[in-house]
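The chain contents come next:
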Amino acid sequence: MDKLNYKNVYVFAEQREGVIQSVALELLGKAKDLATTLNEKVIAILVGSQICGQAQTLIEYGADEVICADAPELKDYLTEQYSQAVYQIITKYQPSIVLFGATTIGRDLAPRLSARLATGLTADCTRLEISEEGELMMTRPAFGGNLMATIMCTENRPQMSTVRPGVMQKADREIGRKGNVIAFKPTFDTTKFKVRLVENVKEDKGKVDITAAKILVSGGRGVGCQEGFDKLQALADVLNAQVSSSRAMVDAGVIAHERQVGQTGKTVRPDIYFALGISGAIQHLAGMEESEFIIAINKDKYAPIFNVADLGIVGDLNKIVPLLTERLSKMIVK
Ligand SMILES: Cc1cc2nc3c(=O)[nH]c(=O)nc-3n(C[C@H](O)[C@H](O)[C@H](O)COP(=O)(O)OP(=O)(O)OC[C@H]3O[C@@H](n4cnc5c(N)ncnc54)[C@H](O)[C@@H]3O)c2cc1C
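Overview of the structure. Since we're looking at a predicted model, the values are computed, not measured.

### Looking at the overall build of the chain
If you tally the helices and strands in the chain, you get nine helices and 17 strands. The C-alpha atoms of the chain give 22 Å as radius of gyration, which agrees with the globular expectation for 334 residues (20 Å, within 12%). Dimensions of the chain, computed from the C-alpha atoms along their principal axes, are close to 65 × 45 × 40 Å. Sequence separation of at least 24 residues holds for 64% of the intrachain contacts in the chain that already meet a minimum separation of 6. As displayed, the chain has an accessible area near 16,700 Å², and 50% of this comes from carbon and sulfur atoms. Side chains of the chain give 39 positive and 40 negative charges; the mean places of these two sets differ by 2 Å.

What follows is the structure, encoded as structure tokens:
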């Protein structure tokens, strides 16, 4: 394999029901940095049915080209159909790097492709950089998050990685930016289609999405119990925020997993993150340290959370949170 034949940074632009997912735009932002360092192009792979109209959005967020595979077979995500289409694109265009969102779709598709392409895949990367030799350095937590491992795929191409939503940042949108759209017609081996979509059942709309919240009031073991979380909810209500949690309280059954922040929960990047009674274990920090402004309340002045906090209050949250709620409710007129 001659590595020199493999060029450009590709992003699998995940869409659901025709809507480009935020993670795709975040990956384009990162791809732009990598491509600038390599002096190469950013290329988005867009797969679906009646989908090519979305290509301009990808161009405005940083794609120089969009390869669009449009076919009725690709209307809904199905592993084999999508694997065949993206595999054909990759083997034809020979990218050097391909990035996927670490979503249910990306986590299903990327391993299939890496096996078919006989190349490596690094999952859940938190940092992507280019080495002096022009190789992709993919960093992710290892050994339960206690150390960060940097992995390289030097022998095979493409270099592939998945990145969780919220980890990378979108570039600013450049309205009217110009780029090429290349139509790609995949050919399907339908004998391999073993799975048929029978019904699409929508997830319960009542579910919260803490990754979309501008302010998160997050509680840990120091909050103690449901009653403690009721106080956090009162603070969240005043701030128009969502309540989230460390894993300790999810494991204790106090809070639902969908609200867990961290390595095995969600990665969040709100404007304000309150860390209340949270010690700041590395696995928790992995999910929130990129927040714009972090306010920590902890009774232990040596708690590691204070190392990442912009504002730290040493004290008992049971006393401080109700006072804060009361004071803020007088200040904020809704
Ligand atoms: C593979 C793996 C994956 C993991 N994934 C995650 C993850 O996704 N998310 C996550 O959060 N954790 C995760 N963990 C667990 C993580 O290592 C920690 O155990 C967990 O984050 C601790 O939660 P905590 O900070 O709430 O509890 P603790 O570490 O027990 O901290 C409680 C804090 O509350 C303070 N406190 C107590 N009472 C009060 C009070 N009255 N007022 C103020 N402060 C008070 C204490 O001083 C202490 O600092 C993972 C661990 C492993 C091994």
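### Structural notes on the packing of aromatic side chains
The final tally for this structure, using the stated rule, is five aromatic pairs. Residues Phe-12 and Tyr-82 carry aromatic rings whose centres are separated by 6.5 Å and whose planes lie at 75° to one another, so their mutual orientation is edge-to-face. In this pair, Phe-12 sits in strand β1 (residues 9–12) while Tyr-82 sits in helix α3 (residues 79–93), placing the two residues 70 residues apart along the sequence. Considering the side-chain rings of Tyr-77 and Tyr-82, the 4.9 Å spacing of their centres and the 70° angle between planes classify their relative orientation as edge-to-face. Aromatic ring contacts, followed pair by pair, group Phe-12, Tyr-77, Tyr-82 and Phe-100 into a single cluster.

### With respect to the pattern of salt bridges
Across all of its chains, the model carries 14 salt bridges by this definition. The shortest N-O distance in the salt bridge between Arg-16 and Glu-14 comes to 2.9 Å. Residue Glu-14 is classed as buried on the basis of its relative accessible area of 2%. Here the salt bridges share partners, and the residues they tie into one network are Lys-3, Glu-135 and Arg-157.

### Notes on the site of the ligand
Around the ligand, the structure places 26 residues, and the nearest of them are Arg-221, Ser-246, Thr-264, Ser-279 and Asn-298. The separation between an oxygen atom of the ligand and a polar side-chain atom of His-284 is 2.9 Å. Asn-298 is positioned with one of its side-chain polar atoms (N or O) 2.7 Å from an oxygen atom of the ligand. Coverage of the ligand by the protein chains reaches 77% of its 990 Å² of free accessible surface. Contributions of two or more residues to the shell around the ligand are made by α6 (247–251), α7 (282–288) and α9 (317–331).

Procedures and definitions
- Residues numbered from 1 in each chain as written.
- Predicted model: local features only at pLDDT ≥ 70, side-chain atom pairs only at ≥ 80, totals over all residues.
- Heavy atoms only, no water.
- Helix = DSSP H or I, 4+ residues; strand = E, 2+ residues; numbered from the N terminus.
- Rg over C-alpha atoms; globule rule 2.2 N^0.38 Å.
- Contact = heavy atoms within 4.5 Å.
- Areas by Shrake-Rupley, 256 points an atom, 1.4 Å probe, with all protein chains shown as cover.
- Lys, Arg positive; Asp, Glu negative; His and termini not counted.
- Charge placed at Lys NZ, Arg CZ, Asp CG, Glu CD.
- Phe/Tyr/Trp six-rings, centres within 6.5 Å; stacked < 30°, edge-to-face > 60°.
- Salt bridge = Lys/Arg side-chain N within 4 Å of Asp/Glu carboxyl O.
- Buried < 20%, exposed > 50% of the residue type's maximum accessible area, 1.4 Å probe, protein only.
- Near = heavy atom within 4 Å.
- Polar contact = N/O pair within 3.5 Å; in protein donor to acceptor, adjacent residues only side chain to side chain.

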